[in-house]
Each structure stands twice: as C-alpha cells, then as structure tokens.
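Structural features, examined
Listed here are the chains, written in short residue letters.
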Amino acid sequence: MVFSCSKTFCLTKLRSMPKKRIPITHALNCLFIGALVVCATSMPTAAQSDGPSGYNKPAKNILDVMRAPSPPIPQVSPTQDSILLVSWQQYPSISRVATPFLRLAGVRVETKNHSKHDTPGGYGITPCASGFTLVRIADGAQIPIALPEGACPGRPVWAADGKRFAFVNIAPTAVELWIGDGKTGEIHQVPGAHLNPMFNPEMQWMPDQETLLVKLVPEGMGPPPEAPTAPMGPSIQETEGEKGQSSTYENRDTLGNKHDEDLFDYYAASQLAIVDATTAAITPVGKPANYEAVGPAPDGQHLFVATIHKPYSYVTTYDRFPREIEVWDISDRSRVLVHTMASIPLTDRVPIHGVPLGPRDFSWCATEPATLVWAEALDGGDWNVTVPARDKIMLQKAPFDSPAAEIARTEQRFEGFSWSEQPSVALLEEYDENRHWRRTFLMNVDDPQRKPRLLWDLSTDERYADPGQPVGRQLTNGVWVVRQDGGSIYLSGAGSSPDGDRPFLDRLDLNTQKSVRLFRSEKTCYERFLSFAGPDARTFLTWHQSPIDPPNAFVRTLGETVAAPAGEAVLASKSAAITHIADPTPEVRAIKKRLVKYKRADGLDLSFTIYTPPGYQEGTRVPTILYAYPLDYADPSKAGQVVGSQETFTRLAEYRFVLLAGYALIDDASFPIVGDPKKAYDTYLEQLVADAKAAVDEAVRLGVADPQRIGVTGHSHGALMTVNLVAHSDLFRAGAATSGSYNKTLTPFGFQNERRSVWEATDVYLKVSPFFSADKLKTPLLIVHGAEDANPGTTPLQASKLYEAIRGNGGTTRLVLLPHEPHWYTAMESNEQLVYEMVRWFDKYVKNAPERTPAP
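Residues numbered from 1 in each chain as written. Predicted model: local features only at pLDDT ≥ 70, side-chain atom pairs only at ≥ 80, totals over all residues. Heavy atoms only, no water.

1. Focus on unusual backbone geometry
- Cis rather than trans, the peptide bond between Asn-200 and Pro-201 has omega equal to -10°.
- Relative to the elements of secondary structure, Pro-201 occurs in the loop between strand S14 (187–194) and strand S15 (203–205).
- Cis peptide bonds are those with omega within 30 degrees of zero, and the linkage from Ala-398 to Pro-399 qualifies with 10°.
- Counting through the fold element by element, Pro-399 comes out in the loop between strand S25 (391–397) and strand S26 (405–410).
- Located in the positive-phi region is His-353, a residue other than glycine, with phi close to 65°.
- Its location among the elements puts His-353 in the loop between strand S22 (337–344) and strand S23 (359–364).
- With a phi close to 45°, Glu-654 is a non-glycine residue in the positive phi region.
- Relative to the assigned elements, Glu-654 resides in the loop between helix H4 (636–639) and strand S46 (664–669). (Helix = DSSP H or I, 4+ residues; strand = E, 2+ residues; numbered from the N terminus.)

Shown next as structure tokens:
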C-alpha cells in the first residue's frame, strides 16, 4: 500500500491497520500505529507504541495527575438556597470521540442518536458531566445525585422557582430529557422525549416554570436519506460579479451537494412541544420544520420562532441560510396563530466582520408581556462605511398588528440590551470595530424621545478601568434582568490590576454614576462573586480558591464601611465555607508560581507567570518552556495591562504537564501586536520577536531559565507564533506547535484581526506565514494536529504541508496527527499522546541539547 503524508489527515480512519512502516510517496517517514499517524524526518524507536491501542503515555507521575478528577463547577439556584455542583469529565475515551458523525453546514451530528458531536464553533467534543451534587446553602448539607450508569448528562438548567432542574442525557440511541427535584435531588426520565439538539437550545423552561419548551425528533421520520450509488450530478456554484467574501469561520463543514442538503433537512427537522414537568405529558405545538431559534415571551403565550429553509449555500454555514421570523400565539395550543415578522434571504455575501442586512438580533423585552426588539443595519452591514449611525433599533408589541416603531439609532454597531427590573431603565451597548471601543447608555425604552444617557465609554482592551458586568436575577417567570435596588444596580468584575486580577462586587448609583465597593478579593487568594444569597444584598456567595486551596463556595455577610484610599470604600465582611471540596492532586502543590512584570525594548509593559517544577531550588537554572498567545491591540497603553492571577488554584493541562518533567514554565507571556487594526500585521514579525526576547531575557535575569535550554510552544494562533519564532529568531532550541495555521494565503479574506485580503496585502500574508520560510527552519519543530479540526483556518492540511516543506528543505521536524480530534484535543488517549510527544521532544532537543557553539 502506498500513501502520501500530504493526505495523512484522511488516513486516520484506517484503524485496523497493523503497526508497521509503510512506503510513502516522496519518501516521507510516516508510521501508522492503529489510527495514529506519526511522521518524522527520522523515525526514532521511541515513537513505538507501549500498548495495544497504539497510543503512547507519559510518565506515571504525569498520568496520575491527568487521570485525577477535576474540581466541580457551581450552579446556584435562582432562589439562592441551593447549589448544584457539576463535575465534568475531563477527558472522554477515544471510542466516544471517534463516534461517526455528519458534517452539515457548520454542525456535526452523530447519526446513531441525533446528538450534536461538537461544541459551537467545532472546537471540542460535546462534554459529559460525571456527577451532580445538590448542596443546601443554609447548612452545607450535600445530596449526591444518582445518575444512570454510563450516563452522559449535559449542564442542568434550574427552574426559576428552584423546585426543579432539567438536563439532557446523551444515550446510545437518543438524546433524553431528565428532570430533577430541587429539594431531594431525585431525578427521572421523561418517557418518549427524544430531543433534537442540532440547534441550541433544545429545551428551556416556560414562564410558568411548570412546563418545558422542547425540540423533539419528529415521529415517523423513517431512515435518513441514502447516499446515491452514483452521483446525482456535478456540484455547481456560480457567481455573477458581486463580492462574496467568506471569513475564516464562515465556511466550516459546508454542504457540498444535493444529498448533503437532504441530510441537513432530515437532521435539522424538529417538532416543538410542551412537556409537563409533573405529569410528563408531551403536547406538540405546530408542525415539524427546521426550527433554529425559539424562545417564549415573558407572558408565556407567545413564542419567537426562526425557521431555516432553502435555498442553501455551499460556501457558508447554516446561520446565513434563509429563514422565516415568526411570532406564534400559543394561548390556544390546538390552534396556533402565526405572525410573520420578517423573511430573511440567503446572506452569504456579508462583509468580513460585518452583519447581514435586514432585521437581526431579536430579543424579548424582559419587562413587557410580549414586545419584540431587534436591530437593522444602516451602513449596508459594512464597518468600512462611514455613516452617522450604523444601526436602528426597532420595537413591536403584541398583538403585532401595528407597524414596528424605531426607538433608537446607534452610532456604532448595536450589541444588545440588558433589561433592568424597572421598565424605565435598560442598558444599551454598542461596539466600534474600528477602534476596539464600546459604549453603554441608560435608556428609557418607553420614552424613546428622551436622549439615552452615556454610562460607560471605554476601550474593549481596557481591563484596569473595566466597570464589570451587571449582576442579574431571575424573575418568577424565568426572565433574567439586571438586579436593581432603588436607583442602584450591582456590578461584578475581574478586577484586573497591575498586581493581577482581584475580583470585586460594586453597587452603582445610576443617578450619580458613582459606585461603592462592597467586596474585593484579598491579595492572597482568588475569590469571585457567585450570587446573592437572598433578597438582602448584604449576604452573598463567592467561589474561593488559592494556589493551595481548591475552589469552594463561601457565604459572606457585609459589615460596616471601611475607609480605603483612592475613593474605594470597601465594606468589611465575614465569611464561612459552604462546601469542602478536597484537593484532587496534592502533588501539584509542590509547583510554585509568581507574577513577573517587565518591559519590551520599546518600553511597553509586559508580564508573565513563572512556574517552577516540584523540588526547584531558588537560583538554579533549569530548562524552560515559553507559552503564549498573541493578541491584537489598537492602543499601546492597554496592551501591557496584566491579565489573570497568580493566586488561582494551580491545575495542569496540555503544555503545563512539562512542569512534572522538570521544566520551568513562562506561562501566558504578554505578546501584544499593537497598531491600527486596519494594518497591525504590517509589523507582526518584528513585534513577535521583540515580545519573545523580552520574556526570555527576563526569565534568564530572574535566574530561573537556562538561556541554553529554552523551548517554545503555542496552540492555534499561538502555534503560528511558535513556528515564526523558531524560524526568525535564535532564542529557542526547539518548538512544539499544536493546531496551527502556517500558510495564511489559504484564508485569503483575513485572519485574526487582519481585515485586508491577500490581494490587498500580499506581502503581509507571505511575511506572517512560516510556510514560506521553511528553508530557514532548522530549529527542531514538533507539529501536532487534530485530524478532524473543523476550523477552516487550521485544517489538518496546514500541518501536513508545513511538515513536507520543512522536511524537503532539510529541517528537523515531527508530525503527529491525532485521530478524530477537533481543534482542541478531547480524548484521554490523545492528551496522553500529546504530553508524551511534548516531553519527549523537549527532553531530546532542549533539556539534553548540547551547548550552542558561539557564532563567529
């Protein structure tokens, strides 16, 4: 058998192939171990499998940590008297990740049970919870919830009255609906409710909190359309002179022929129904159709319904397909009244970073029984156009027989409303794509003639002055609103500062626009606001952690105001633990970390977190790995702001496992690319090298990093960074790039925040693409990629072609394609292989590398 490594991403399905060396065209060295594909410029014996599965494993001390359970995630009930602790499966088995699926216009659907294979955007596999625990806030009593054996439950959704919660369970042949008791934790399945999760949400509570609105797989569908034994005809696309640009993310898993269209219709079809949570009775509503978005109005009598229909496009995903926008009156379930709000045509020619023409961003007004609000573009949907106003905001009330009214115009792109408890107060937000800028206004929707009052006006890159997000609460009808006490609202934020994040809770007076700081995390921990603990705002819940303390829920009670500098009035408070979650990986506590601040050569402030391995002796230089992800900034004053906290509970994943192999880690190093958003990538390479040199120099100055033994790694856009750094600098002995894009000409209409096309900025595209510098790539490079990467910008072809280019030019490289994996690797076996590969590569080319010969 003869294969080409340029197509190895297609070969990963040959799972039954025995372990052997196979002759490869172009004389490439590839090893097929089961489904795993490993290519290298020389095939080392260390790549052999240590088990029948064909996957390699790292050392036992690393495996023990990888296989330990993850700390649970809290979900506070809307009545604020209980918490559901949800434990998630960290790494599913490869057998689950390998479940067959169809690619249908941006959605991956598993055929055996009608479930959704991937997360939105295709970056990972739909996760499964591994356990639920119900915790009473009053006394901390815990009730473990008995899930079905082998269950794959999703995130539980509380009813607004706290009496119940609902969740989906991905079973072998169906997606099931389950309901739990909010007091006892007892759960039961709703018989006959087979959900269709192709378009979220597949289930939601109705305003009465006694019933659920669900999307069901229609009865009597029969088998899916069979593929024709012979082609039905050619696949034809045509354009007649109009521009039809597609961004990197708009052509993921697109349809390709008539059979694909038939499959899309088959799996997209759902039957809307109302499920009685008490009796489990199921009442169909309307007829089966391709329902994308549905949502009940606050009155419970009206439904917003968006239905997808043909003609479909072969160049974009389903969110650009034509759809009918309707409001259904379901007060009489036997006779649904339909009001057509808009007919949206196929919108496959939207400008990059733009919006489609016509009505969009529909939402119900939270304080009205049934009032629909939406936006319409006034600039052709194109941010490049200079206009007095980009959007107009429209409103229409039930019974929807009067024309819609325009209530506002936004200077920049409308981002949405945050409705408060009072009808006269809504927060309207707009965003300026050209400046990375956002503004928030206070608006009285009932009095649109009154000019909205500016509340916040700041850069989206601004972290230190970020006011935080309004704290919400759920009304009895399930509608979320901004919690309001008199003329004040509450704000919760990350609290970024030069010393790291210190989350806070503020009370903001909307009349004076002055705030009082109620709570701020101590410097020695990371404690964030979760929820108020009742109607009294003086008692609230937090999620507390530190480098040595695992995350746990605490209840805090505010006391008297304590004077603080700079106008920050912090209230003293006392706290008590509600949960007592144990440390699942005590051996990781031997890892130490600290925040480090330094400057780039041009004076720009930068920072990273330095981690040292267990047993590290201060002042000892050790092999070190740098990890970063470059970010784009319009304002240099914002680019150097510190992000993250050194006081979080230390957890390991992906590249961080190198710490258990004796490496120090320069983690989350600041890698800003600063400039006008319209042309920031003109100086990308120069800034990238300057960022890296500043980080390496500082780690060496600290006495931690051995300048002779430093490696670099990054994922996705960070992988592009990694390959460019080993190609254009001599700072690193080796690199490991995972799921990257190395030839930007394959995404010709833009990447990241680069908005120019390859025809407008050819030199820029060539310069940032390390594929075109493969002849200079002599530093050893490990390339890892998911064989089912759905991101159009990082297809597996990017990895295999870079490998071929480096090999053809005499470089040292190794390509590992992980079977069935998307952009982020999911399976336990795949992650064990990834860590094995990284440690092996860095041990050979960094830790045990010979000293460099000084250049003459």
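Alright, that's what it looks like, and here's the rest.
2. Things to note about the sheet that holds strand S11 (residues 157–158)
- Strand order in this open sheet of four strands is S11-S12-S13-S14, and the pairing throughout is antiparallel. Both edges of this open sheet fall to S11 and S14, since each of them pairs with a single strand only.
- Pairing of S11 with strand S12 (residues 164–170) involves two bridges; the strand directions are antiparallel. Paired with Trp-158 across the strands is Phe-165, a residue of S12. (Pairing = 2+ DSSP bridges.)

3. Examining the packing of aromatic side chains
- Counted according to the given criterion, the structure contains 29 aromatic pairs.
- Ring centres 6.2 Å apart and planes at 20° place the aromatic pair Phe-167 and Trp-178 in the stacked group. Taken as a pair, Phe-167 in strand S12 and Trp-178 in strand S13 (residues 175–181) lie far apart in primary sequence, eleven residues in all.
- These aromatic residues form a ring-pair network of at least three members: Phe-132, Trp-158, Phe-165, Phe-167 and Trp-178.
- Taking NZ or CZ as reference, Arg-435 lies 4.4 Å from the ring centre of Trp-437, over its face.
- One residue, Arg-755, lies across the ring of Trp-383, its end atom 4.3 Å from the ring centre. (Phe/Tyr/Trp six-rings, centres within 6.5 Å; stacked < 30°, edge-to-face > 60°. Lys NZ or Arg CZ within 6 Å of the ring centre and 35° of its normal.)

4. With respect to the sheet that holds strand S8 (residues 115–116)
- The three strands lie next to each other as S6-S7-S8, forming an open sheet whose pairing is antiparallel. Edge positions in the sheet fall to strand S6 (101–104) and S8, since each of these pairs with one other strand and no more.
- Note that strand S7 (residues 107–110) and S8 share two bridges and pair antiparallel. Considered in S8, the bridge of Val-109 is made with Lys-116.
- Against the sheet, helix H3 (residues 258–268) engages S6 and S7, with an angle of about 105° to S6. (Contact = heavy atoms within 4.5 Å. Axes fitted to C-alpha atoms, helices over the stretch in contact; angles between N-to-C directions.)

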